[in-house]
Amino acid sequence: QVQLVESGGGLVQPGGSLRLSCAASGTYFSIYAMGWYRQAPGKQRELVATITSDSTTTYADSIKGRFTISRDNAKKAVYLQMNSLKPEDTALYYCYIQRSNGLRTWGQGTQVTVSS
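Residues numbered from 1 in each chain as written. Predicted model: local features only at pLDDT ≥ 70, side-chain atom pairs only at ≥ 80, totals over all residues. Heavy atoms only, no water.

Looking at the pattern of salt bridges
Then, number 1: With the rule as written, the count across this model stands at 4 salt bridges.
Then, number 2: Arg-38 is the salt-bridge partner of Glu-46, the closest N and O atoms lying 2.8 Å from each other.
Then, number 3: What makes Glu-46 partly exposed here is its relative accessible area of 26%.
Then, number 4: Its relative accessible area of 7% is what places Arg-38 among the buried residues.
Then, number 5: Salt-bridge contacts for Asp-89 lead to Arg-38; the nearest nitrogen and oxygen are separated by 3.0 Å. Of this pair, Asp-89 sits in the loop between strand E8 (77-82) and strand E9 (91-99) while Arg-38 is found in strand E4 (residues 31-39), placing the two residues 51 residues apart along the sequence. An identical accessibility class is assigned to Asp-89 and Arg-38; each is buried.
Then, number 6: Ionic contacts of the salt-bridge type, sharing partners, join the residues Arg-38, Glu-46, Arg-66 and Asp-89 into one network. (Salt bridge = Lys/Arg side-chain N within 4 Å of Asp/Glu carboxyl O. Buried < 20%, exposed > 50% of the residue type's maximum accessible area, 1.4 Å probe, protein only. Helix = DSSP H or I, 4+ residues; strand = E, 2+ residues; numbered from the N terminus.)

Considerations on the packing of aromatic side chains
Then, number 1: Applying the stated criterion to the full structure yields 3 aromatic pairs.
Then, number 2: Aromatic pair Tyr-37 and Tyr-96: ring centres 5.6 Å apart, planes at 50 degrees, arrangement tilted. Note that Tyr-37 is positioned in strand E4 and Tyr-96 in strand E9, a separation of 59 residues in sequence. By the burial criterion, Tyr-37 is buried, and Tyr-96 matches it.
Then, number 3: Relative to Trp-106, the ring of Tyr-96 lies with its centre 5.3 Å away and its plane at 40 degrees, an arrangement referred to as tilted. With Tyr-96 in strand E9 and Trp-106 in strand E10 (residues 104-106), the pair connects residues that are 10 residues apart, well separated along the chain.
Then, number 4: Of the residues examined, Trp-106 reaches a relative accessible area of 32% and is grouped as partly exposed. (Phe/Tyr/Trp six-rings, centres within 6.5 Å; stacked < 30°, edge-to-face > 60°.)

The structure is reproduced here in structure tokens:
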């Protein structure tokens, strides 16, 4: 079945920027939504951003105004542009796709560390 490959994570200084990418491979099918979750040690998983098939976006209050989610239907990819990064943004970021039938596929996660 479809699998997701994430990239773009790494170490960045506070105030810096990073762009996460998530590309889907496998059978091309209708996708209802794509998005990103993140989880830091000792904290509950947080929904960061979502984008639906009609380009409706949602953002967590903690990152609103700093992060932007986008997608490329031709490349079957979803991106997360992260600007003005803060140490509290440090987490493992997971991308997912949600099909019209409600099923989700998750990536392995990419580590983002914001530190001096």
